[in-house]
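This is what each chain is made of:
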Amino acid sequence: MINADFVRLWAAKYPKDYDTQCYEPYIQEARSVDIQALRKLTEWKNVSRNVQPMKLWKTHEVAFQYFIHNLKDYLKENGSAKLRLDFKDRAPVWSVFWHHVLYNIPIFDVYTHMAYHFSATGEMPTKKSENISTRSLVTL
């Protein structure tokens, strides 16, 4: 199911230089628990079409500061479970993203869900129809 047409269709969803400008410059430092790199990745998580970072809104900043405040706990044994529990209702999608960053695990987000739907059905769903809620995360 993954062919050149799929890649072209999917690539149109992301800015051309996302990996080289938004992700690669920060991921290794973030995994080494560099706070500035963690912030940059968090700001770049929802990159705009013109490849600009997302300014953290007040609620995003509160969630990010809570994440940083508890970072040492998230790096301990069972830290992954604590991170999931702490952000279950607060910011579940960011929890998935921060798991990807801290523990080097594959990410499952709305775009992954859309890609899976497309590869399974051949139909491109809307972002809204494939949105991930706390309810859908329970099954992951």
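All of these numbers come straight from a predicted model, not from anything done at the bench.

1. Thoughts on helix 7 (residues 92-103)
(1) Moving on: An ideal rise of 1.5 Å per residue puts 16 Å on 12 residues; helix 7 measures up with 16 Å between its terminal C-alpha atoms.
(2) Moving on: Where burial is concerned, most of helix 7 is hidden: 10 out of the 12 residues are buried.
(3) Moving on: Turning to helix 7, its buried residues are Pro92, Trp94, Ser95, Val96, Phe97, Trp98, His99, His100, Val101 and Leu102.
(4) Moving on: Of the residues one or two after helix 7, Asn104 is the one with positive phi, at around 55°.

2. A word on helix 4 (residues 58-69)
(1) Moving on: Across its 12 residues, helix 4 extends 16 Å between first and last C-alpha, which sits within 8% of the 16 Å expected from 1.5 Å per residue.
(2) Moving on: Next to the buried residues of helix 4 lie helix 3 (35-44), helix 5 (71-74), helix 6 (79-86) and helix 7.

3. Some remarks on the side chain of Arg39
(1) Moving on: In this fold, Arg39 is placed in helix 3.
(2) Moving on: Ignoring anything within four residues of it in the chain, the contact list for Arg39 reads Leu56, Glu61, Phe64 and Gln65.

4. Description of the packing of helix 3 against helix 4
(1) Moving on: In the contact formed by helix 3 and helix 4, the axes pass within 12 Å of each other and the chain directions differ by 145°. Every pair of crossing elements has a handedness; the one defined by helix 3 and helix 4 is right-handed. Residues Ile35, Leu38, Arg39 and Thr42 of helix 3 form the contact with helix 4, whose participating residues are Glu61, Phe64, Gln65, Phe67 and Ile68.
(2) Moving on: Of the residues that constitute the contact of helix 3 with helix 4, the class distribution is five nonpolar, two polar and two charged.

Calculation rules
- Residues numbered from 1 in each chain as written.
- Predicted model: local features only at pLDDT ≥ 70, side-chain atom pairs only at ≥ 80, totals over all residues.
- Heavy atoms only, no water.
- Helix = DSSP H or I, 4+ residues; strand = E, 2+ residues; numbered from the N terminus.
- Expected span 1.5 Å × (residues − 1).
- Buried < 20%, exposed > 50% of the residue type's maximum accessible area, 1.4 Å probe, protein only.
- Contact = heavy atoms within 4.5 Å.
- Axes fitted to C-alpha atoms, helices over the stretch in contact; angles between N-to-C directions.
- Left-handed = near helix turned anticlockwise from the far one by under 90°.
- Nonpolar A, V, L, I, M, F, W, Y, C, P; charged D, E, K, R; others polar.

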